[in-house]
Each structure stands twice: as C-alpha cells, then as structure tokens.
Amino acid sequence: MNKDKLIIFDTTLRDGEQSPGASMTRDEKVRIAKALERMRVDVIEAGFPAASVGDFESVQAVAQAVQESTVCGLARALDADIERTGEALKGAGRTRIHTFIATSPIHMQKKLRMTPDQVVERAVHAVRLARQFTDDVEFSPEDAGRSEVDFLCRVLEAVIDAGAGTVNIPDTVGYNVPEQFGGLIRMLRERVPNADKAIFSVHCHNDLGLAVANSLAAVVNGARQVECTINGLGERAGNAALEEVVMTVRTRQDVFPCTVGIDTTQIVPTSRLVSSITGFAIQPNKAIVGANAFAHESGIHQDGVLKSRETYEIMRAEDVGWSANRMVLGKHSGRNAFRSRLQELGIEFGSEEELNEAFARFKALADKKHEIFDEDLQALVTEASTEAENERVKLVGLKVCSETGETPDASVTLTVDGVEQQGRAQGGGVVDASFKAIENIIGSGTELQLYSVNNITSGTDAQGEVTVRLEKGGRIVNGQGADTDIVIASAKAYVNALNKILTPQDRAHPQAADV
Ligand code: KIV
Ligand code: ZN
C-alpha cells in the first residue's frame, strides 16, 4: 500500500523558545536548525520575526543556513508582522509564512475584542498578504481546541480559498482529549467544503500530558502534519515531543496510515544538543531520549534481552541514535582530524579564526582529559559560542578554598567592560562563595532560580556541564558552562547568564499581544 507522508513541523526554535528560560541566541538557533535539517525535518519554524530585532535576525540566519528543510516564520494576522516575516525569509530557499488569529469565543471577546466577522476578515486578509511573499502559507485558528465548530469551519473554508495550503488546528491550552480531538479533525475534514485543497495539521500542548496522544489521534483521523518540538519543549507544559510522535508512527506502522521521512538516528544527538543549549535537562525516564529509555535494570529483563532483545525492546537503541561514547580524539590529534570530526557532527565554523580558537580550547581540554568524546566536542562549541556573547563580563580567574571545619572562600577576577576587577566572598560551599564573589563585583540584583550539574560523559575526569538560571524583573535567562572542574564550570555558567541578563531585550510574546 502506498502510504501518505506525515509532515514533521518542528517548532523548537519558536514555541520551544517560549518556555520560560529557554531563550536561545542566534548562533544557537542556527546550530539547532542545522541539526534538525540533518534529521530531515520537513519544516523548521525558526521564530517570530516581529518579536524583536534579535528574533528577526535569527529567522534570517536560519533561513540562509538551511537548504533542505522549509524554513517558516510566525506572524500574527497583522500587516506589519507579515511584512517583517516576509523580509526575514527573503532570498532563502524553501520558505513558509505561518499566520494566526484566535477563534475561540473567550480569545475573541477578551483578548482581541473583535467580532467573529472581523476575525474572518482579518484572517483572509492576512493569508492573501502572506501569499504575496511566498506560495507556502499556513494558517492557524489559535485556541481551535476551544472554538465553536461551525465558526472554525467558516474560518477554514475562507482561508483555504484565500490561499492557505496548510491549516493547522492548535489545542493551544492543552484542553482536548484524544478521542474528541481526533473526532474534531475528522469532522473538520468532512465539513469544510474545500478541505481537500489543504493539508490539515495539528499543534498540541501538553497541559494534561496528552499532546502526543492528541496529535496521534489526529493523524489517525486524517491530519498529515504534526507540529512538535525536541524533548517536548514549549510554552507551559510544552508541545508534543517530536521523538515520541516520530517513533510511534515508525514503530506502529500497522496502526498509522502514513510514514515519516525522519533520519531517526539523529534524534538522540539533537535532543542532547537542545538540552545543553537550553539548560532543560532530560528526565531519565523520558521516552526515547531519557538515559534509562533503553536500560534494563531487573535481572529477568536483562536475561530476556540477552536471549532475544525483542523480549523487552520494541525499538533498537541505535535506531534513535544511542551509541556508546566513542573516543574520537585525544591529545595528539591534529587540527584536520578535529575539523573533520566536527564536520561529521554538523558543526562548521564561520572563519579560520573561529576554528583556531576552538582548536586551542580542544588542546587545553585534551591536556586535562585523556579521551575526548563527541559530547565533549559539542560542549566545547557551545562554550565557544556562549563566550562570543559574553561581551561585558569575562571570567579571568577563580581561586577557591575549602577545608574541613572552615567556611568556604572564593576570590574571583573578572573583566567588566574591559576593566579588571576583583571580588571575594564566603559561602555555604565553594560554588555559593564563587557566585557571591561575582555578585560582589557585578551587583546584578538577579535571583538564582536553578543550578544544575550534569556530567557530559562518564568517569571522574568527565566535564561537568552546569546550567544557571537567573531571574530579574520577570525576565529569565539560562547560562551554561563546561569544565572538568565543576566549580569553574559553575562560575562560567553564572557569568554566561549574567551577560545575557545585562543585554537589554525588548521582545514581544506572539500570543499575548493584541491584534
Ligand atoms: O499554541 C498555539 O496556538 C500556537 C499558535 C501560534 C500556533 O503556538
Ligand atoms: Zn503553541
């Protein structure tokens, strides 16, 4: 049987970034977009260009860097948003504009303060305008999951007539349950007269933990695009997890009437990349990408798997990209070996200078750590890119003292706007003392929301990867740092977060803003 293709639309860079604290820099977004392209994701939603200059530039950079996947930008149903999105995508390969307006009674009355007629008119106008920039236009009736079905049918018919090739049905607040949501998709496809002229897509949030189940129920009922994110990142409880949607459709071909074009071996590396850039750790029991997803603890299970792996495994770990840590490089590896391994990992440098700098870091790491694994290389590149942003504050030196019965003490040297400054403090532990010493210099007034350490590989000489989340005046940022010494990794992460908070940002939230 010839099956349909299920289009995988990844919104890690847009909805994923709406998770508090998950904001990513332009270069980080390009790295993730390249990883998604390597995974053969069909559509990458790169951001919301009208939100800020930074968002505009990120979408522009992703659109220029990606050739194989379609690059999409989100726009409210506003002329200025659509024009800005068209501008950000200009000159790129395959592009899509995704425009939306809310259709539920509560959103129309309370948020938009618009009548249903005005909403239809605005939606049609937005789609027509978007078509002037690209032939590939997607329309979403925001909060479709709580919209009246008759009105939804009216809006969808109108936007398909106006030129929307994809109509996306978002369960914006994660309110739906699988049978009902599947039924909604079936009903819309049956009742909208021109439904055959558009692809039906779904975009489910995970407030009740049902985002993947709802998305899959929709697929069984005719949806042919699923919007999802790596590790299920996204606004509030997140979006449907890409890895779970893809692996369910692939594993249960007896149930699903469609196939996916994803290179599933890229799932775990991409998941790790997103986790390390955003600082959102992956829970060990997370399906597909959690550290325990393929680990068999009980003796009975281990015995069964050794005799025949199918006894307890429905997927092969290597099919989703789990592989034993591979020693790739060491102290004696040369520049070419370093460059070509990074190229195999999809990491390219903009200039020889950047490559040289990364190579110098690699050599310094190889002096401290015998075996350098792929994960170490990823962390090294993350660090190089975060330091590039560390324009105002730089960590020059750190000395800590910890002794039984004594209060831990830290002395730190920073440069702030190029001027060297020193600070000293005591704390409950050396990390606490280091952060206080840094604060004594900067006086940022931020609040520490999260401090977490993960070992990048195993062994006591492994690099620790630290995430620090800081909050100030409602704004939340993440900082990362990696080092074989976790106190230094912690100070690097703190400084990285401070640099982000010291950079002013004026950024609109796409769904909070009125039309
Ligand atoms: O959740 C939502 O409704 C959205 C839309 C902008 C598609 O993210
Ligand atoms: Zn969403």
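Just so we're clear, the structure is a prediction, and the values are computed from it rather than from any experiment.

Rules of the game
Residue numbers run consecutively from 1 along every chain, following the written order of its sequence. Starting at A for chains and at 1 for ligands, labels are handed out in the order in which the entities are written. Predicted model: local features are reported for residues with pLDDT of at least 70 only, side-chain atom pairs are reported and counted for 80 or more only, and whole-chain, interface and lining totals are derived from all residues. For side-chain calculations, the full set of non-hydrogen atoms in the structure is used, while hydrogens and water are omitted. Note on method: axes are straight lines fitted to C-alpha atoms, helices fitted across the in-contact stretch only, with angles between N-to-C directions ranging 0 to 180 degrees. Numbering goes from the N terminus for both helices and strands, where a helix is a DSSP run of H or I of at least four residues and a strand is a run of E of at least two. Each angle gets one of four labels, with under 35 degrees taken as roughly parallel, over 145 as roughly antiparallel, 65 to 115 as roughly perpendicular, and the rest as oblique. We call two residues in contact whenever any of their non-hydrogen atoms come within 4.5 Å of each other. The nonpolar class holds Ala, Val, Leu, Ile, Met, Phe, Trp, Tyr, Cys and Pro. Asp, Glu, Lys and Arg form the charged class, and all remaining residues, Gly among them, are polar. The rule for a salt bridge is simple: a side-chain nitrogen of Lys or Arg has to be within 4 Å of a carboxyl oxygen of Asp or Glu. Note on exposure labels: buried denotes an accessible area under 20% of the residue type's maximum, exposed denotes more than 50%, and partly exposed covers the range between, all computed with a 1.4 Å probe on protein chains only. Coordinating donors are taken as N, O and S atoms within 2.8 Å of the metal, stretched to 3.2 Å for Na, K and Ca; because water is absent from the atoms, sites can appear incomplete. By the convention used here, strands pair only if DSSP detects at least 2 bridges between them. For the domains described, the bounds stem from an automatic or database domain assignment. In these notes, residues near a molecule or strand are those with any non-hydrogen atom within 4 Å of it. Nitrogen and oxygen atoms within 3.5 Å of one another constitute a polar contact, given that in protein one can donate a hydrogen and the other can accept it, and given that sequence-neighbouring residues count only through two side-chain atoms. Areas reported here follow the Shrake-Rupley algorithm with a probe of radius 1.4 Å; residue values treat only the protein chains shown as occluding. Pairing of aromatic rings covers Phe, Tyr and the six-membered ring of Trp, with a centre-to-centre limit of 6.5 Å; geometry is then stacked below 30 degrees between planes, edge-to-face above 60, and tilted otherwise. By this rule, a helix spans an expected 1.5 Å times one less than how many residues it contains.

1. Re the packing of helix H2 (residues 53-65) against helix H3 (residues 79-89)
Alright, step 1. In the contact formed by H2 and H3, the axes pass within 8 Å of each other and the chain directions differ by 40°. In terms of orientation, H2 and H3 fall into the oblique class. For the pair H2 and H3, contact is made by Val-53, Phe-56, Val-59, Gln-60 and Ala-63 and by Arg-84, Glu-87, Ala-88 and Leu-89, respectively.
Alright, step 2. Tallied by class, the residues present in the contact of H2 with H3 amount to six nonpolar, one polar and two charged.

2. Some thoughts on the pattern of salt bridges
Alright, step 1. Counted according to the given criterion, the structure contains 33 salt bridges.
Alright, step 2. Close ionic contact of Asp-117 with Arg-154 constitutes a salt bridge, the shortest N to O distance being 2.9 Å. Of this pair, Asp-117 sits in helix H5 (residues 116-131) while Arg-154 sits in helix H6 (residues 149-162), and the two are 37 residues apart along the sequence.
Alright, step 3. Judged by its relative accessible area of 49%, Asp-117 falls in the partly exposed class.

3. Some words on the coordination of the zinc ion (ligand 2)
Alright, step 1. On the protein side, the zinc ion (ligand 2) has Asp-15 (OD), His-203 (NE2) and His-205 (NE2) as donor atoms, found 2.0 to 2.2 Å from it.
Alright, step 2. Read from N- to C-terminus, the donor residues coordinating the zinc ion (ligand 2) fall into the pattern D-x187-H-x1-H. Separated by 188 residues along the polypeptide, Asp-15 in the loop between strand E2 (7-10) and helix H1 (26-38) and His-203 in strand E8 (residues 199-204) bring together distant segments of the chain. Neither Asp-15 nor His-203 differs from the other in exposure class; each is buried.

4. Digging into the sheet that holds strand E14 (residues 409-416)
Alright, step 1. What the three strands build is an open sheet, ordered E13-E14-E15; its pairing is antiparallel. Whereas interior strands pair on both sides, the edge strands pair on one side only; in this sheet they are strand E13 (393-401) and strand E15 (419-426). Here the strands of the sheet are splayed against their neighbours by 15° on average, with no regard to which way each runs.
Alright, step 2. Here E14 runs beside E15; their pairing, made up of eight bridges, is antiparallel. Bridge pairing links Val-416 to Val-419 in E15.
Alright, step 3. Relative to the sheet, helix H15 (residues 430-442) contacts E13, E14 and E15, its axis offset from that of E14 by approximately 40°.
Alright, step 4. Its contacts with the sheet place helix H16 (residues 486-502) against E13 and E14, and it is angled at close to 145° to E13.

5. Considerations on the domain arrangement of the chain
Bring the parts together and some accessible area is lost; that lost area is often taken as the interface size.
Alright, step 1. One can read the domain layout of the chain as domain 1 (4-254), domain 2 (335-386) and domain 3 (390-501).
Alright, step 2. One C-alpha centre belongs to domain 1, the other to domain 2; they are set 35 Å apart.

6. Focus: the site of ligand 1
Alright, step 1. In the vicinity of ligand 1, the contacting residues are Arg-14, Asp-15, His-98, Phe-100, Ser-140, Glu-142, Pro-170, Thr-172, His-203, His-205 and Gln-511.
Alright, step 2. In the model, an oxygen atom of ligand 1 is placed 2.6 Å from a nitrogen or oxygen of the Thr-172 side chain.
Alright, step 3. A distance of 3.4 Å separates an oxygen atom of ligand 1 from a polar atom in the side chain of Gln-511.
Alright, step 4. Against a free-state accessible area of 260 Å², the protein chains account for coverage of 100% of ligand 1.
Alright, step 5. Sorting the residues of the shell around ligand 1 by element identifies strand E5 (95-102) and strand E6 (137-142) as the ones contributing at least two each.
Alright, step 6. Its residues assigned to classes, the shell around ligand 1 shows two nonpolar, six polar and three charged.

7. Let's talk about the packing of aromatic side chains
Alright, step 1. Applying the stated criterion across every chain yields a total of five aromatic pairs.
Alright, step 2. Centre to centre, the rings of Phe-338 and Phe-359 are 5.4 Å apart; their planes meet at 55°, and the pair counts as tilted. Of this pair, Phe-338 sits in helix H12 (residues 335-344) while Phe-359 is found in helix H13 (residues 352-368), placing the two residues 21 residues apart along the sequence.
Alright, step 3. Their ring planes at 80° and their centres at 5.9 Å tell us that Phe-435 and Tyr-451 sit as a pair that is edge-to-face.

8. Considerations on H16
Alright, step 1. Between its terminal C-alpha atoms H16 stretches 24 Å, which fits the 24 Å expected from 17 residues at 1.5 Å a residue.
Alright, step 2. Burial analysis of H16 places 14 of its 17 residues in the buried class, which makes it a mostly covered element.
Alright, step 3. Two or three places before Val-487, at the start of H16, stands the capping residue Asp-485, its side-chain oxygen 2.8 Å from that residue's backbone nitrogen.

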